[in-house]
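So you can see what is in the structure, the chains are spelled out below.
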Amino acid sequence: DTAVSQTPKYLVTQMGNDKSIKCEQNLGHDTMYWYKQDSKKFLKIMFSYNNKELIINETVPNRFSPKSPDKAHLNLHINSLELGDSAVYFCASSAEGEAFFGQGTRLTVV
Amino acid sequence: AQSVTQLDSHVSVSEGTPVLLRCNYSSSYSPSLFWYVQHPNKGLQLLLKYTSAATLVKGINGFEAEFKKSETSFHLTKPSAHMSDAAEYFCVVSQHNTDKLIFGTGTRLQVFP
């Protein structure tokens, strides 16, 4: 079983659309994250949730809204997509300082 | 604030030769340090972690890293490179008192036959 799974794996959409990426972890971790990896492979944290509560919110445009219906899920909704949102988005969960990452969602905005 | 600097954006080695990927950290506190590997079009996998126990940390796939406080370094090494080691490697520090991971800019390792 995949520990951290995110869907879809690839997402191609037009500017201005709204899209969601889903993430689920079956590790029983309390903390989940969204990271963004740009075209230069640079990884930066976007959000962190602990037991459904927002802990970290980096300077991310408010078009990005995470939602955690329960501690095993952390979904990412993006409104009014822009070209600059094209990137690979990674979901992760962690316990005791060790993070487990999903396979990533490659978002391409055209 | 904590940060990590990966000194080489690209490293190329021949199969069977040693690998050295360099990382320096900056931290006001005793840091938790990690190395993650990302194979092409894949997610990130933890190679090893240092959390103030032994300074020489052994990880998966024959990799190891040594925490050197005097040099503020946490370099990743492997005695003999394999073709399957070709990937992007990230040095990571955990922000003090949080689970927030701060990534270095990555080092792309190429392995030639």
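Residue positions are given per chain, counting from 1 as you read along its sequence in written order. Whichever chain is written first is A, and whichever ligand is written first is 1; the rest continue in order. Side-chain atom pairs in this predicted model are given and counted only at pLDDT of 80 or more, local residue features only at pLDDT of at least 70, and totals for whole chains, interfaces and linings cover all residues. The side-chain quantities take in all heavy atoms of the structure and omit both hydrogens and water.

**Student:** Is there a simple way to explain the state of the cysteines in this structure?
**Tutor:** Each disulfide consists of one covalent bond between the sulfur atoms belonging to two cysteines. Cysteine sulfur pairs qualify as disulfides if the two atoms are within 2.5 Å. Inspection of the entire model under this criterion finds two disulfides over all chains. Disulfide pairing places A:C23 opposite A:C91 at an S-S distance of 1.8 Å. What sets the handedness of the A:C23 and A:C91 disulfide is the S-S torsion sign, and at about -75° it is left-handed. Of the two residues, A:C23 sits in strand β3 (residues 19-25) while A:C91 sits in strand β9 (residues 87-95), which places them 68 residues apart along the sequence. Residue A:C23 is classed as buried on the basis of its relative accessible area of 1%. Accessible area is worked out with a 1.4 Å probe on protein chains only. A residue is then buried under 20% of its type maximum, exposed over 50%, and partly exposed in between. Classification of A:C91 as buried rests on a relative accessible area of 0%. Residue B:C23 pairs covalently with B:C91 via a disulfide, S to S 2.0 Å. Negative torsions about the S-S bond denote left-handed disulfides, and the value of about -65° found for B:C23 with B:C91 makes this one left-handed. Linking B:C23 in strand β4 (residues 23-26) with B:C91 in strand β10 (residues 87-94), this pair joins segments that are 68 residues apart in sequence. Just as B:C23 is buried, B:C91 falls in that class too. Numbering of helices and strands runs from the N terminus; a helix is a DSSP stretch of H or I covering at least four residues, while a strand is a stretch of E covering at least two.

**Student:** Mind showing me how you'd approach the pairing of β9(A) here?
**Tutor:** Here is the key point about a regular strand: its side chains alternate between the two faces of the sheet. Residue and element names in this part refer to chain A. With eight of its nine residues buried, β9 lies for the most part within the structure. A pair of strands counts as paired when DSSP detects no fewer than two bridges linking them. Taken together, the seven bridges between strand β4 (residues 31-37) and β9 define a ladder with antiparallel strand orientation. Note on β9: the bridge partner recorded for Q37 is V88. In terms of strand pairing, β9 meets strand β11 (residues 105-109) through three bridges, oriented antiparallel. Across the sheet, the residue bridging to A87 is L107, located in β11.

**Student:** Can you help me understand unusual backbone geometry in this one?
**Tutor:** The phi torsion of most residues other than glycine is negative, and most of the peptide bonds are trans. For the bond running from A:T7 to A:P8, omega is 0°, close enough to zero to count as cis. Residue position: A:P8 is located in the loop between β1 (4-7) and β2 (10-13). Phi at A:S80 is positive, roughly 45°, even though this residue is not glycine. Relative to the helices and strands, A:S80 resides in the loop between β8 (75-78) and β9. We classify A:S80 as partly exposed; its relative accessible area is 37%. The phi angle at B:T72 is positive, at roughly 45°, despite the residue not being glycine. Take B:T72: its relative accessible area is 33%, and that puts it in the partly exposed class.

**Student:** Just checking my understanding: could you explain the interface of chain B and chain A for this structure?
**Tutor:** In many reports, interface size means the accessible area that the parts give up when they come together. The contact criterion used throughout is that any non-hydrogen atoms of two residues lie within 4.5 Å. Counting from both sides, the interface comprises 18 residues of chain B and, opposite them, 20 residues of chain A. The term buried area refers to how much accessible surface (probe radius 1.4 Å) is lost by two components on association, counted for both of them together. Taken as a group, B:D99, B:K100 and B:F103 account for 30% of the area that chain B buries against chain A, more than any other trio of residues on that side. For this document, the term salt bridge refers to a Lys or Arg side-chain nitrogen within 4 Å of an Asp or Glu carboxyl oxygen. Inspection of the region where chain B meets chain A yields two salt bridges. Measuring nitrogen to oxygen at the nearest pair gives 2.9 Å for the salt bridge that ties B:K100 to A:E58. Between N or O atoms, a polar contact is any pair within 3.5 Å; within protein, one atom must be a potential hydrogen donor and the other a potential acceptor, and residues adjacent in sequence are included only when both atoms are from side chains. Across the chain B-chain A interface, the total number found is five residue pairs in polar contact (both at pLDDT 80 or more). Of all the elements in the fold, those that place two or more residues in the side of chain B that touches chain A are β5 (32-38), β6 (44-50), β10 and β11 (101-103) of chain B.

**Student:** Looking at this structure, how should I read the sheet that holds β8(A)?
**Tutor:** Neighbouring strands of a sheet are bound in pairs by backbone hydrogen bonds; such pairs are parallel or else antiparallel. Residue and element names in this part refer to chain A. Spatial strand order, β1-β3-β8-β7: four strands in an open sheet with antiparallel pairing. With partners counted over all chains shown, the strands left at the sheet margins are β1 and β7 (64-67), one partner each. Averaged over all pairs of adjacent strands, the angle between their axes in this sheet comes to 15°, without regard to strand direction. As defined by bridge partners, β3 adjoins β8 across three bridges and the pair is classed as antiparallel. Its bridge partner being in β8, S20 is matched across the sheet by H77. The convention used is that axes are lines fitted to C-alpha atoms, helices contributing only their stretch in contact, and that angles between N-to-C directions extend from 0 to 180 degrees.

**Student:** Help me understand the nonpolar core in this model?
**Tutor:** If you look at soluble globular proteins, the nonpolar side chains tend to sit buried side by side. Counting residues in hydrophobic clusters, the biggest one holds 27 residues, and the most contacted among them are B:W35, B:L48, B:F74, B:L76 and B:Y89. Ranked by the residues each element gives to this core, the list is headed by β10(B), at four residues. With near-sequence residues (within four places) excluded, B:Y89 lies in contact with B:Q6, B:L21, B:W35, B:Y36, B:V37, B:L47, B:F63, B:L76, B:G106, B:T107 and B:L109. As used in this record, nonpolar core signifies buried Ala, Val, Leu, Ile, Met, Phe, Trp, Tyr and Cys residues forming a set joined through side-chain atoms within 4.5 Å. One finds A:I21, A:C23, A:F47 and A:F64 within the second-largest nonpolar core, a separate group that totals 20 residues.

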